[in-house]
Amino acid sequence: MHRRPLSARERAAWFDTEGNLYVTPPSAPLKKSVAIYCISQFDQAPLEDFKNGALADGVRCQLLRGFRGKSKECLAKIADLESIAREIGLELPFIRTARKLAQVKRFQEFILRPRVLTRKSVEAARKLLCSQLDGCASSRRPMEAWERTIWFEAEGYLYVPSPNVSYKWGPVELRVSQFERKPLDDFAEGARHDGIDCRLGYRWRTKPGEYYVRIRRIDEVAKELVLESPYIRTAKRLEQIQSFKEYLARPRTRVTKSLGVARE
């Protein structure tokens, strides 16, 4: 499992996928208003790396366990306004989703609300963030392998047929889903730049509909996993990769070219 403090670019990817920046609605009085930045995950390891990376960049970040009574869920939390503004300022050039930029905009409006008494933390937050938001748009560039890894860990899964299936060849699939299309376009473009066949699709069954990228050929899945494996942080994804390796090793009467490539 890959372990080191997360950079601001990596933390931006976790914010896009598993994060939330909550701000009390403007209708509430200021004295009862709060702003909280958080990242939630069932695997503690990436959140520890998130916290350590944020602390290294001068951002006060806490790691909470057993969040809301869910014993297996962990939360990386930033609660003071100056630290939220500092973290968002570091992440801003790398945020990909319109939804998260909208949350950042609401935070900006919150810290700019007129106050009878302006605290130092509010003044610091204004200086750190407001000038950076002018004309800011979602980051658009092909995802590198390390970033695709975060999206795979947070929003994806690797399906491998059970050993109990009666047929020898089952549908292996690496899939990442999102309600916004553009980040998945970036995922697919990055994968194609690395020579991997990655397809974009849309699923109507959910409300609202959901976009997804998927890699289905067994050798293409193996190529993507080879690129992503050095950056994997979650035990769940490592278990899925191990299941994929075991699937490749199952006895077959005929070894196809794609299977041979995948095994290598």
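Residues numbered from 1 in each chain as written. Predicted model: local features only at pLDDT ≥ 70, side-chain atom pairs only at ≥ 80, totals over all residues. Heavy atoms only, no water.

**Q** Residue-level account of the sheet that holds strand E1 (residues 19-23), with values.
**A** Sheet architecture is open: four strands sit in the order E1-E2-E4-E3, paired in antiparallel fashion. Two strands in the sheet have a free side with no partner beyond their single neighbour: E1 and strand E3 (62-65). When the angles between neighbouring strand axes are averaged without regard to direction, this sheet yields 25°. As paired strands, E1 and strand E2 (residues 35-41) are joined by five bridges and run antiparallel to one another. What sits directly across from Gly 19, in E2, is Ile 39. Of the strands in this sheet, E1 and E2 are in contact with helix H1 (residues 8-18), which crosses E2 at around 90°. Its contacts with the sheet put helix H4 (residues 98-112) on E1 and E2, and the angle it makes with E1 is roughly 30°. (Pairing = 2+ DSSP bridges. Helix = DSSP H or I, 4+ residues; strand = E, 2+ residues; numbered from the N terminus. Axes fitted to C-alpha atoms, helices over the stretch in contact; angles between N-to-C directions. Contact = heavy atoms within 4.5 Å.)

**Q** Mind laying out the sheet that holds strand E5 (residues 156-159), listing which residues take part and the relevant values?
**A** Sheet architecture is open: four strands sit in the order E5-E6-E8-E7, paired in antiparallel fashion. Two strands close off the open sheet at either side, each with one partner strand: E5 and strand E7 (199-203). Across this sheet, the average inter-strand angle for adjacent strands is 25°, counted without regard to direction. Where strand E6 (residues 173-178) and strand E8 (residues 210-215) come together, five bridges link them in antiparallel fashion. Bridging across to E8, Leu 174 finds its partner in Ile 215. Each of E5 and E6 is contacted by helix H6 (residues 145-155), which is oriented at about 85° to E6, the strand it contacts most.

**Q** Run through the packing of aromatic side chains, naming residues and quoting values.
**A** Aromatic rings in a pair are described by how distant their centres are and how their planes are angled relative to each other. For the structure on display, the rule yields three aromatic pairs. Between Phe 15 and Tyr 37 the ring centres are 4.9 Å apart and the planes differ by 20°, which places this aromatic pair in the stacked class. Of this pair, Phe 15 sits in helix H1 while Tyr 37 sits in strand E2, and the two are 22 residues apart along the sequence. Residue classification places Phe 15 among the buried positions, given a relative accessible area of 0%. Tyr 37 sits in the buried class, given a relative accessible area of 0%. The ring of Phe 50 carries Arg 11 above its face, with NZ or CZ at 6.0 Å from the centroid. When the ring centre of Tyr 247 is taken as origin, the NZ or CZ atom of Arg 252, which lies over that ring, is 4.7 Å away. (Phe/Tyr/Trp six-rings, centres within 6.5 Å; stacked < 30°, edge-to-face > 60°. Buried < 20%, exposed > 50% of the residue type's maximum accessible area, 1.4 Å probe, protein only. Lys NZ or Arg CZ within 6 Å of the ring centre and 35° of its normal.)

**Q** Could you give an account of the side chain of Glu 153, with specific residues and numbers?
**A** Within the fold, Glu 153 resides in helix H6. Arg 233 provides the closest opposite charge to the buried, salt-bridge-free Glu 153, at an N-O distance of 5.8 Å. If we skip the residues at most four places from it in the chain, Glu 153 touches Trp 14, Gln 41, Tyr 231, Ile 232, Arg 233, Thr 234 and Arg 237. (Lys, Arg positive; Asp, Glu negative; His and termini not counted. Salt bridge = Lys/Arg side-chain N within 4 Å of Asp/Glu carboxyl O.)

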